[in-house]
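# Structural characterization, general
Each chain is listed here by its residues.
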Amino acid sequence: MKLDATDLRYVTTDEFRVLTATEMGSKNHEIVPTPLIAQLSGLRSGGVNKCIGSLAKRGLVAKVQNAKYDGYRLTYGGYDYLAMRALSKRGTMGSVGNQIGVGKEADVYVVANDEGESMVLKLHRLGRISFRTIKTKRDYLGKRKSASWMYMSRLAAQKEYAFMKVLHEHGFPVPRPIDQARHTILMELINAYPLRQIAEHPNPGQLYSTLMSLIVRLARAGLIHGDFNEFNILIREDGQPILIDFPQMVSVGHENAEWYFNRDVQCIRTFFRRRFGYESKLYPRFKAALNDEGETAFELDVEVEASGFGRKEMGLLQEYMDSVLEAEAEEDDEEEEEDGEQEEEQEAADEDVEAKAAEEAEEAEAVEDEIADQQHENDESEGRPELARGDRPRARFAEAHPRDDLHASPTSTPRASPPPSEPSSSRSISPAPDQTAHDLPVKQIVSSELNKRRQRQRSKHHSGSGSGASKVGRAKGSKKKQDIRGKISAGDIWG
């Protein structure tokens, strides 16, 4: 959902109380009953219904169709308004500008405070696109199903803000965090470009070394980014990288820490090879990065836990991230299976077409042989020398009768009938009225014969009686009714 803060200034205090009550009721209800909203908001029923109607028109709450009782659910738009109102009350945000980024898990906007200083507002929207199927496969919050995605987005924002704050305090190249409310994070605006938008670089080897050193530095600090790629790395004008997006960051003590570390390294190697044509044989290893004695290691994940984002929330969000990877792997497997089934169906269709073409070719050859046999019989009847089977001409029919003048006058002598001793065949093909047999191409005759055979086959299998004749009937209704319709149509009623 795209953020639209136009109506934020027109939402009244009572409407925000109803919106907050809906959020509170979502913790234990998939659809928050209207009486519960009235009870939590402390307003009268009439005032609650009026506020709910106004919020529903703005898309901040939604009524679920076919529900067993009268109730509403909180939308992402309403959650955005609650977060922005909290930031506005604290004085950290005063206005909302244009959208500068969109992803499968978050939207990014330019905002400003009351002094006009530009900042970045990031809104987490977990489960918006490809991760919706995870909700049906695993339940994280028991009864709180409707609020699960909003709660997960809130955990992701809290985790990112906590890690960003700790990293910034220890001198890592990350944006300066300013504030956090619900599923939103407010941070400084950096004049930089994403690495994926950079087509050329004067010294890709130096940038590669800087990024690999950053991965090692994070590991020595006890953290692994988990999504270290060209989408989450900004390059300043002076060439220095800035690291963003930390919801997938894990500790080096995680059971899959080495796998996350190797994936981050491989992402950078693959990007530099494809974009800049640069590939280095030197790259960091997980165990070697942790056992370096040249620099003192410290555990930033412990400091993050001490800041308020505890192990319970960390484990819950990590379980979600792992399920995301599993869901993506399953979707890839399903796509591969569908592609394989489509290829098999295509191959089977191609084989059917080839078999049908071969059958038609054999049938055409059989018809040509019949035509050649008929020509041979005609030659024998006229006393012509016999030709070998392979030497029999198939281009045209032999002339079976003398050529008549088809355009003679009506008084001309009629054409003589063939002698009784002349052999005839039930399979012989008569030439067209305006053309003699020896002037017809064999290809045309074969095509005509094949069409006749197919037509007889169709009429045999598809007609009701099973005979070759097509069944043609009159229109439905009795003859009397047809006559009445005809009389009405032919009368002067419409004239």
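What you see is a predicted model; the values in this text were computed from it and never measured. (Residues numbered from 1 in each chain as written. Predicted model: local features only at pLDDT ≥ 70, side-chain atom pairs only at ≥ 80, totals over all residues. Heavy atoms only, no water.)

With that settled, consider the overall build of the protein chain. Across its full length, the protein chain holds 13 helices and 13 strands. Contacts in the protein chain between residues far apart in sequence, at least 24 positions, make up 64% of those at least 6 positions apart. Of the roughly 30,100 Å² of accessible surface on the protein chain, a fraction of 48% belongs to carbon and sulfur atoms. (Helix = DSSP H or I, 4+ residues; strand = E, 2+ residues; numbered from the N terminus. Contact = heavy atoms within 4.5 Å. Areas by Shrake-Rupley, 256 points an atom, 1.4 Å probe, with all protein chains shown as cover.)

Within a regular beta strand, the side chains point alternately toward one face of the sheet and then the other, so they alternate between its two faces. Strand direction decides the pairing type here: strand E9 (residues 192–194) and strand E11 (residues 233–236), joined by three bridges, are antiparallel. Looking across to E11, one finds that Tyr193 is bridged to Ile235. Connecting E11 to the next strand, strand E12 (residues 241–243), in antiparallel fashion are four residues, including Gly239 with a positive phi near 90 degrees. (Pairing = 2+ DSSP bridges.)

It is worth spelling out the sheet that holds strand E6 (residues 118–124) at this point. Pairing in this open sheet of five strands is antiparallel, and the strands run E4-E5-E6-E8-E7 from one edge to the other. Where the open sheet ends on each side, the last strands, each with one partner, are strand E4 (95–102) and strand E7 (177–181). Mean inter-strand twist for the sheet, computed between neighbouring axes without regard to direction, equals 25 degrees. Summarising the sheet, E4 and strand E5 (residues 106–112) pair through five bridges and their orientation is antiparallel. Within the sheet, the bridge partner assigned to Gly101 lies in E5 and is Val108. (Axes fitted to C-alpha atoms, helices over the stretch in contact; angles between N-to-C directions.)

Here we take up the pairing of E7. In terms of burial, E7 is a largely internal element, four of the five residues being buried. Bridging between E7 and strand E8 (residues 184–188) involves four bridges; their strand directions are antiparallel. Bridge pairing links Asp179 to Leu186 in E8. Connecting the antiparallel pair E7 and E8 is a turn made up of two residues, with Arg182 showing a positive phi of about 50 degrees. (Buried < 20%, exposed > 50% of the residue type's maximum accessible area, 1.4 Å probe, protein only.)

Here we take up empty space enclosed by the protein. The method is simple in principle: a probe with the dimensions of a water molecule rolls over the atoms, and the space it marks as empty is what remains. Summed over the entire model, instances satisfying the criterion amount to two cavities of 30 Å³ or more. Considered as a void within the structure, the second largest cavity measures approximately 40 Å³ in volume. Taken together, Ile215, Leu218, Ala219, Leu223, Ile224, His225, Phe261 and Asp264 form the lining of the second largest cavity. A per-element tally of the lining of the second largest cavity places helix H7 (residues 204–220) first, with three residues. Within the lining of the second largest cavity, the residues separate by chemical class into six nonpolar, one polar and one charged. (1 Å grid on protein atoms, 1.4 Å probe; cavity = no way out; pocket = protein on both sides within 12 Å on 5 of 7 lines; lining within 4 Å. Points joined across faces, edges and corners; volume = space filled by probe spheres on them. Nonpolar A, V, L, I, M, F, W, Y, C, P; charged D, E, K, R; others polar.)

This brings us to unusual backbone geometry. Positive phi, close to 50 degrees, is recorded for Arg182, a residue that is not glycine. Position of Arg182 among the secondary structure elements: in the loop between E7 and E8. For Asp245, which is not glycine, the phi dihedral falls at a positive 65 degrees. Tracing the sequence through the fold places Asp245 in the loop between E12 and strand E13 (250–251).

Enumeration according to the criterion identifies seven aromatic pairs in this entry. Judged by centre distance (5.6 Å) and plane angle (75 degrees), the ring pair of Tyr208 and Phe272 falls under edge-to-face. Of the two residues, Tyr208 sits in helix H7 while Phe272 sits in helix H8 (residues 257–275), which places them 64 residues apart along the sequence. The burial state of Tyr208 is the same as that of Phe272; both residues are buried. Three or more aromatic residues joined by ring pairs make a cluster, and in this case those are Tyr208, Phe271, Phe272, Phe276 and Tyr278. The ring of Tyr76 carries the charged tip of Arg125 above its face, separated from the ring centre by 5.3 Å. Against the face of Tyr283 rests Arg285, its NZ or CZ located 3.8 Å from the ring centre. (Phe/Tyr/Trp six-rings, centres within 6.5 Å; stacked < 30°, edge-to-face > 60°. Lys NZ or Arg CZ within 6 Å of the ring centre and 35° of its normal.)

For the rest of this paragraph, the subject is the layout of surface pockets. Computed from the structure, the largest pocket encloses a volume of approximately 930 Å³. What lines the largest pocket is a set of 30 residues, and nearest its centre among them are Gly101, Val108, Phe231, Asn232 and Ile244. Among the elements of the structure, E4, E5, E6, E8 and E9 are those that each provide at least two residues to the lining of the largest pocket. A breakdown of the residues in the lining of the largest pocket according to their chemical character gives 16 nonpolar, six polar and eight charged.

A few words on the sheet that holds strand E3 (residues 71–74). Hydrogen bonding along the main chain pairs the strands of a sheet, whether they run parallel or antiparallel. Spatial strand order, E1-E3-E2: three strands in an open sheet with antiparallel pairing. At either end of the open sheet lies a strand with only one pairing partner, and these are strand E1 (32–33) and strand E2 (61–63). Taken together, the three bridges between E2 and E3 define a ladder with antiparallel strand orientation. Within E3, the residue paired with Ala62 across the bridge is Arg73.

What follows is about H7. Taking 1.5 Å as the rise per residue, H7 with 17 residues should run 24 Å; its terminal C-alpha atoms sit 24 Å apart, in good agreement. The buried fraction of H7 is high, at twelve of 17 residues. All of the buried residues in H7 are Pro204, Gly205, Leu207, Tyr208, Leu211, Met212, Leu214, Ile215, Val216, Leu218, Ala219 and Arg220. One or two positions beyond H7, positive phi appears at Gly222, with a value near 95 degrees. (Expected span 1.5 Å × (residues − 1).)

Among the surface-exposed residues, Glu341, Glu343, Glu344, Glu345, Glu347, Asp350, Glu351, Asp352 and Glu354 lie close enough to one another that they form a single negatively charged patch. In this structure, Glu351 sits in helix H11 (residues 311–381). The class for Glu351 is exposed, based on a relative accessible area of 53%. (Patch = residues over 30% accessible without salt bridge, like charges linked within 9 Å, V, L, I, M, F, W, Y side chains within 5 Å. Salt bridge = Lys/Arg side-chain N within 4 Å of Asp/Glu carboxyl O. Lys, Arg positive; Asp, Glu negative; His and termini not counted. Charge placed at Lys NZ, Arg CZ, Asp CG, Glu CD.)

A few words now on the pattern of salt bridges. On inspection of all chains with the given rule, the structure shows eleven salt bridges. In this structure, Asp7 and Arg58 form a salt bridge, with 3.8 Å as the shortest nitrogen-oxygen distance. Residue Asp7 is located in the segment before helix H1 (13–25), and its partner Arg58 is located in the loop between helix H3 (45–57) and E2; the two are separated by 51 residues in the primary sequence. The exposure class of Asp7 is partly exposed, given its relative accessible area of 29%. The exposure class assigned to Arg58 is partly exposed, which follows from its relative accessible area of 27%. One continuous salt-bridge network, built from bridges that share partners, spans Asp7, Glu15 and Arg58.

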